[in-house]
Amino acid sequence: MSEKEFEKELGFQTRSVHAGNSPDPATGAIQRPITMANSYVLPYDPSTVNWSTAEGNVYTRNGGANQKYLQEKLASLEGGEDCVVLGSGVAALSGLFFSLLESGDHVVFSSVTYIAVYRLLNELFNNKFKVETTIVNTTDPDAVRAAIRPNTKLIHIETPGNPTLEISDIRKIAEIAHENGALLSVDNTFASPFNQRPIELGADFSIESLTKYINGHGDAMGGAIIGKKEYLDIIRAQAQVNLGATISPFNAWLIMRGSVTLPLRMKQHNENTLKIAQWLEAQPGVSFVAYPGLESNKGHEIAKSQMKNGFGGVLSFGLKADHDTYNKFVSNLKIITSAVSLGHDGTLIVFLGEDDERQYLYPEEFHNGFFRLSVGLEDSEDLINDLKNAFNAVGL
Ligand SMILES: *Cc1c(COP(=O)(O)O)cnc(C)c1O
């Protein structure tokens, strides 16, 4: 049995601990060390080096030791052939788009995505590089099919989508993409590979902001593209080397360390978030709760069919209140911190929406402003009490 086949037999938790790690041959250390070097010794005949690939270690922008360990682990966790790790989630997204798309190509993308995807595809790639782009509500596979053109090269979806938590059907959209000679990329950041593995569901690429669940501790940024080597070699040669969004060895090491506990943390995120979503749904001052784990949620059935272990740690909710009350409510929270980002150990809340230019793309209940809550690893009772006390303080 080859090493790769052997590894596939192992469970997700075992791979979270062991993939990408082995004793360090130089020192015998049982953890691979941080290699803080920006350059590596050249071979006897440097003319044999291809400066545009990441084969072998030459220069850290082309690939370094810690980056490669993390790539090994993430390819294993996502069930993909290969992985490219970059300096942020947005670097992974823009690297994918930059490498795959040419003038005259067409892209279909989800109406609800991370804001940089909207900027890249709806403002930059179309205006600067003449890439045709269509925004589609990808919760409806028929709408995706209807948007396909002969030159459609890529469909990019985000599920659950940030910040509305809407669910798109990965299996169905992968079929539509492949029937039409297009590729499917899925931003898997909200789910993490513990809950959802897009490549196993038929997608060509899974994109992760490592800044979120995979690192999990709110102390480093990174991004990853997982998929077939034939495409990732192009992304390395074109985007990693020439756009230069290299991850630092230290951040790659931190993320590697954080990812060991990904399955344990996700279990707690999944459990806490479902409890809090159910509690919020029963509060008279709450106007709506968006969480795919709720049976009342529109995307619940599809989420159940493609999210194996749970529904993730992010939910959004609205309050029956005015703007000033929103701010007062947040200022009364003692455990929950007002900050962007998500997937951290600590619970984070952010007020969004009232002046978001993309409001017209969101379901109606989101139009008057809403909160995105990234539920952390604390005791759910303490989080519920924190929310309860803050509601009471503002008369909700
Ligand atoms: C945060 C986030 C990104 C961007 O990742 P960075 O690491 O902040 O660049 C992309 N997609 C989703 C869904 C995110 O939540």
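Summary of the structure given here. (Residues numbered from 1 in each chain as written. Predicted model: local features only at pLDDT ≥ 70, side-chain atom pairs only at ≥ 80, totals over all residues. Heavy atoms only, no water.)

1. Let's talk about the environment of Asp 187
What counts is decided by this rule: Strands are runs of DSSP state E lasting at least 2 residues, helices are runs of H or I lasting at least 4, and numbering of each runs from the N terminus. Here a residue-residue contact requires only that any non-hydrogen atoms of the pair lie within 4.5 Å. N or O atoms closer than or at 3.5 Å make up a polar contact, with two conditions inside protein: a donor-capable atom paired with an acceptor-capable one, and, for residues adjacent in sequence, both atoms drawn from side chains.
Relative to the assigned elements, Asp 187 resides in strand β5 (residues 183-187). It is 24 Å that separates the C-alpha atoms of Asp 187 and Phe 250, two residues lying 63 residues apart in sequence. Residues within four places of Asp 187 in sequence aside, it is in contact with Leu 93, His 156, Ile 157, Glu 158, Thr 159 and Ile 207. Side chain to side chain, Asp 187 and Thr 189 meet in a polar contact 2.7 Å long.

2. Some details on helix α14 (residues 380-393)
We apply this condition: One fewer than the residue count of a helix, multiplied by 1.5 Å, yields its expected span.
Spanning 14 residues, α14 covers 20 Å between terminal C-alpha atoms, matching the ideal 20 Å at 1.5 Å per step. On its buried side, α14 packs onto α11 (262-281), β8 (286-290), β9 (314-319) and α13 (323-331). The positive-phi residue at the C-terminal boundary of α14 is Gly 395, with phi of around 75°.

3. Regarding empty space enclosed by the protein
Cut-off, in case you're wondering: Residues are said to line a cavity or pocket when one of their atoms sits within 4 Å of a point; the points come from a 1 Å grid over protein atoms alone, cavities being sets where a 1.4 Å probe fits but cannot get out and pockets being open sets with protein on both sides within 12 Å along at least five of seven lines. Grid points are joined across faces, edges and corners, and a volume is the space filled by probe spheres set on the points. Residue polarity follows a fixed list, in which Ala, Val, Leu, Ile, Met, Phe, Trp, Tyr, Cys and Pro are nonpolar, Asp, Glu, Lys and Arg are charged, and the others, Gly among them, are polar.
Following the criterion strictly, the structure yields 1 cavity of 30 Å³ or more and no others. Considered as a void within the structure, the largest cavity measures approximately 40 Å³ in volume. Considering the residues around the largest cavity, the lining is formed by Thr 35, Tyr 40, Thr 60, Gly 64, Ala 65, Asn 66, Gln 67, Ile 247, Ser 248, Pro 249 and Ala 252. Every element with two or more residues in the lining of the largest cavity is listed here: α3 (65-78) and α10 (249-259). The biggest single contributor to the lining of the largest cavity is α3, with 3 residues. When grouped by side-chain class, the residues that make up the lining of the largest cavity number 5 nonpolar, 6 polar and no charged.

4. Structural notes on the packing of helix α4 (residues 89-100) against helix α9 (residues 229-243)
Helix-helix packing is characterised by the crossing angle of the two axes and by the distance between the axes. The following threshold applies: Every angle, taken between N-to-C directions, lies between 0 and 180 degrees, and every axis is a line fitted to C-alpha atoms, over only the stretch in contact when it is a helix. Angular relationships are summarised with four words: roughly parallel below 35 degrees, roughly antiparallel beyond 145, roughly perpendicular across 65 to 115, and oblique for the angles in between. Each crossing gets its handedness from the near helix: less than a right angle anticlockwise from the far helix is left-handed, clockwise is right-handed.
The interhelical angle for the contact between α4 and α9, taken along N-to-C directions, is 110°, at an axis separation of 9 Å. When the axis of α4 is compared with that of α9, the two are roughly perpendicular. Judged by the twist between their axes, the crossing of α4 over α9 is right-handed. Every residue of α9 that contacts α4 at Gly 95, Leu 96, Phe 98, Ser 99 and Leu 100 is listed here: Tyr 231, Ile 234, Ile 235, Gln 238, Ala 239 and Leu 243.

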